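Now for the letters of each chain:
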Amino acid sequence: LHCPNAFKRTNIQDRFLPNIESALKDIFSSNMTVRLLDDRALHQRENKKSQQPASFMESGEFTFETFVVGPSNHLASSAARAVADAPGQHYNPLFIYGSSGLGKTHLLYAIAHVIHQNSPDFRILYIKGDEFINDYIETVRSGRSMNEFRTKYREADLMLVDDIQFVAGKVETQNEFFHTFNALYESKKQIVLTSDRPPQEMALLDDRLRTRFEWGLMADVQQPHFETRVAIVKNKAANLQLILDDDIAKYIANKITSNVRQLEGTVHKIKAFHDLGIDVDQSTVDRAIQDMIRSNEFTVTPDNIIKEVCRYFRVEEDQIRGPSRSRDILNARQIAMYLIRRLTSLSLDDTGKVFGGRDH
């Protein structure tokens, strides 16, 4: 955590740090160590970070060769390859969207990996949407020159922005990103964006940004089909030098249907059991899957949002989905609707269907 000076840092550290760590433990169900940085320590940390090489470009983990292609992601994968082979010439910008854990970030890394290999002098900038916001806020707050900020982004040969949906609703940040986008586009520099939803479903996104995001190619990444899930499991196992029976691979693919990260995490867990001398059978897989589901219990889905809202407000799910217009139910229902709209890719029509077929 950052605070502007050493006095405040010491004050917060002495008086409130145990409470902060306790609150984080309550929220995330795990122990967290909080470090408080003043301006000087923050700048030292940022400088150290900026001097570190982009390890994902050197790594062979996130490449096109390790990305399992299926009907659910074929368009996005093909477009990403075209961009990597000829940046700035095809699909500019490339906008990849889909739910979390389906491989969007993997494709960004794969593009960077290929371009870095083919053109080592290429200035490649990878950033997340919330990092762009924080960088802009810190530049304004610290009084640093905006030219320095703009140079960092506008002189890139390839800009990769993960989770661009976070800029929606941030007026000044959207304005700055709009001019950055224009500068790169007019210079024929490649832009690749990812999001959890298409531009037209970002309710708070400026129209001028929305239309620019739609200039190039929009490619969706959907939940992998059964055959693709089996291939992902087999591929990950092979990379870990783990031999899995076809029946076991199919069993895992049947159990975990929506998230590639959970598939890979399950294989990692099975690999750990195997290294400990535990036989890999159905019961072992069930144990690995239970651990994976438990570690991802905060996965953001419409049903989970409704469940948590109901738990918080002490109301029943059939009440929140039903016709009741009492003040307590109405308040909980509207908060659940708002959270589903902001945190998931559901459209207003689909959100209405979740709540008993309400009008969008």
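Right above here is the structure, for reference.
Residues numbered from 1 in each chain as written. Predicted model: local features only at pLDDT ≥ 70, side-chain atom pairs only at ≥ 80, totals over all residues. Heavy atoms only, no water.

Digging into the packing of aromatic side chains
Aromatic rings in a pair are described by how distant their centres are and how their planes are angled relative to each other. Inspection of every chain in the model, using the stated rule, returns 15 aromatic pairs. Ring plane angle 90 degrees and centroid distance 5.3 Å describe the contact between Phe 132 and Phe 177, whose orientation is recorded as edge-to-face. Residue Phe 132 is found in helix H7 (residues 129-142), and its partner Phe 177 is found in helix H9 (residues 171-186); the two are separated by 45 residues along the sequence. This pair shows no difference in class: Phe 132 is buried, exactly as Phe 177 is. Taking the centre distance of 4.9 Å and the plane angle of 45 degrees together, the rings of Tyr 185 and Trp 215 count as tilted. With Tyr 185 in helix H9 and Trp 215 in the loop between helix H10 (207-213) and strand S5 (217-220), this pair connects stretches of sequence that are 30 residues apart. Tyr 185 gets classed as partly exposed once you look at its relative accessible area, which sits at 32%. (Phe/Tyr/Trp six-rings, centres within 6.5 Å; stacked < 30°, edge-to-face > 60°. Helix = DSSP H or I, 4+ residues; strand = E, 2+ residues; numbered from the N terminus. Buried < 20%, exposed > 50% of the residue type's maximum accessible area, 1.4 Å probe, protein only.)

Considering helix H6 (residues 104-118)
Its 15 residues give H6 an end-to-end C-alpha distance of 22 Å, which sits within 8% of 21 Å, the value for a rise of 1.5 Å per residue. Across the 15 residues that make up H6, a large majority, twelve, are buried. Among the residues of H6, those classed as buried are Lys 104, His 106, Leu 107, Leu 108, Tyr 109, Ala 110, Ile 111, Ala 112, His 113, Val 114, Ile 115 and His 116. (Expected span 1.5 Å × (residues − 1).)

Structural notes on the packing of H7 against helix H8 (residues 146-154)
At their nearest, the axes of H7 and H8 sit 9 Å apart, and the two run at 155 degrees to each other. Comparing the axis directions of H7 and H8 gives the class roughly antiparallel. When the axes of H7 and H8 are compared, the crossing they make is right-handed. In this structure, H7 contributes Phe 132, Asp 135, Tyr 136, Thr 139 and Val 140 to the contact, and H8 contributes Met 146, Phe 149, Lys 152 and Tyr 153. (Axes fitted to C-alpha atoms, helices over the stretch in contact; angles between N-to-C directions. Parallel < 35°, antiparallel > 145°, perpendicular 65-115°, else oblique. Left-handed = near helix turned anticlockwise from the far one by under 90°. Contact = heavy atoms within 4.5 Å.)

Quick look at the pattern of salt bridges
Summed over the entire model, instances satisfying the criterion amount to 19 salt bridges. Its salt-bridge partner being Arg 154, residue Glu 176 comes within 2.7 Å of it at the nearest N-O pair. Taken as a pair, Glu 176 in helix H9 and Arg 154 in helix H8 lie far apart in primary sequence, 22 residues in all. Among the residues examined, Glu 176 registers a relative accessible area of 4% and is labelled buried. What makes Arg 154 partly exposed here is its relative accessible area of 26%. (Salt bridge = Lys/Arg side-chain N within 4 Å of Asp/Glu carboxyl O.)

Some remarks on the pairing of strand S3 (residues 158-162)
The element S3 is extensively covered by neighbouring structure, given that five of its five residues are classed as buried. Judged by which residues are buried, S3 turns out to be covered on both faces: Leu 158, Leu 160 and Asp 162 on one side and Met 159 and Val 161 on the other are all buried. The sheet contact formed by strand S2 (residues 124-128) and S3 spans five bridges and is parallel. Pairing of Leu 125 across the sheet is with Met 159, part of S3. Examined bridge by bridge, S3 and strand S4 (residues 190-195) share four bridges and lie parallel to one another. By the bridge assignment, Met 159 is partnered in S4 with Ile 191. The handedness of the S3 to S4 crossover, carried by H9, is right-handed. (Pairing = 2+ DSSP bridges. Right-handed = clockwise from strand over helix to strand, strands pointing away.)

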